[in-house]
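Residues per chain are reported as follows:
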Amino acid sequence: MRIDIISVLPELLTSPLEHSILKRAQLKGLLEVEVHNLRTYGLGKHNQVDDYAFGGGAGMVMMIEPLANCLDDLLAQREYDEVIYMTPDGERLGQGLTNRLSLKKNLLILAGHYKGIDERIRTHYVTMEISIGDYVLSGGELPAAVLVDAIGRLIPGVLSDETSALFDSFQDNLLAPPVYTRPAEFRGWKVPDILLSGNTAAIEDWRYEQALARTRERRPDLLEEED
Ligand code: ADE
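This section reports on the structure supplied with the text. (Residues numbered from 1 in each chain as written. Predicted model: local features only at pLDDT ≥ 70, side-chain atom pairs only at ≥ 80, totals over all residues. Heavy atoms only, no water.)

Considering the side chain of arginine 2
If you trace the backbone, arginine 2 turns up in strand S1 (residues 2–7). In terms of polar contacts, arginine 2 uses its side chain to reach the side chain of glutamate 32, at 2.8 Å. In this structure the side chain of arginine 2 is engaged in a polar contact, spanning 3.3 Å, whose partner is the side chain of glutamate 34. If we skip the residues at most four places from it in the chain, arginine 2 touches Glu32, Glu34, His36, Arg78, Lys105, Asn106 and Leu107. (Helix = DSSP H or I, 4+ residues; strand = E, 2+ residues; numbered from the N terminus. Polar contact = N/O pair within 3.5 Å; in protein donor to acceptor, adjacent residues only side chain to side chain. Contact = heavy atoms within 4.5 Å.)

Digging into the site of the ligand
Around the ligand, the neighbouring residues are Met86, Thr87, Pro88, Ile130, Ser131, Ile132, Gly133, Tyr135, Val136, Leu137, Gly139 and Pro143. Contact between the ligand and threonine 87: a nitrogen atom at 3.1 Å from a main-chain N or O atom of the residue. The separation between a nitrogen atom of the ligand and a polar main-chain atom of isoleucine 132 is 3.0 Å. Coverage of the ligand by the protein amounts to 96% of the 260 Å² it exposes when considered alone. Counting only elements with at least two residues in the shell around the ligand, the list comes to strand S5 (82–92) and strand S7 (128–131). Broken down by class, the residue content of the shell around the ligand amounts to eight nonpolar, four polar and no charged. (Near = heavy atom within 4 Å. Areas by Shrake-Rupley, 256 points an atom, 1.4 Å probe, with all protein chains shown as cover. Nonpolar A, V, L, I, M, F, W, Y, C, P; charged D, E, K, R; others polar.)

Some thoughts on the sheet that holds S7
With respect to topology, five strands assemble into an open sheet ordered S2-S1-S6-S5-S7, the strand pairing being parallel. Looking at strand neighbours, the two that pair on one side only are strand S2 (32–37) and S7, the edges of this open sheet. Direction aside, neighbouring strands of the sheet carry axes that sit 30° apart on average. Bridge count for S5 against strand S6 (residues 106–111) is five bridges, and the pairing is parallel. By the bridge assignment for S6, glutamate 82 is matched with leucine 107. On the sheet, helix H3 (residues 64–77) packs against S1, S2, S5 and S6 and is oriented at approximately 165° with respect to S1. (Pairing = 2+ DSSP bridges. Axes fitted to C-alpha atoms, helices over the stretch in contact; angles between N-to-C directions.)

Set out below in structure tokens:
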């Protein structure tokens, strides 16, 4: 999979992309991520990318021209399955949407800043708008990093068997069951006997029951959801 990201603050994306699983995915050649600095498409000698909003009001708006030029360049190089704009008023990101996006070949993500982007970009270029939650961040870079991480780890071959995404919380609309590792007893706090029994079928049943109980207690809404 290839993901291109347009940003005015590419540095904010560097670290998440250069560590752990996303790093491994890229080294294995399973994921290619390229960040494009919008500033290089900025106007005038100050490489301007934002301007006052027509009609007044606080906050700057990202200008149409640098964005359109950058998008045109990228769209001329490949066909994108989706052009995604990260925004609090987009569709809420959940595991279902993440799963669907992990099957795509080319994604283009637009990380906004300031008060937002000129609406004409949303109308004429953007095919999908995604929010990572009902709160406002100062820019779209961290949401873009969240999205790339959530998608990247689902690409076949990225995770090893032990960390397989199949066992994640939210797959099957269930939260994950509790997990333990050595020692089997610490300060008198014991690991449930069943996990030491070696009975894999019974352990699987126990895990399912625990996941169900945890979901009922903490997120009953998930049990009513069909994704
Ligand atoms: N940009 C600012 N806040 C955001 C959010 N909650 N989700 C996606 N993009 C954003």
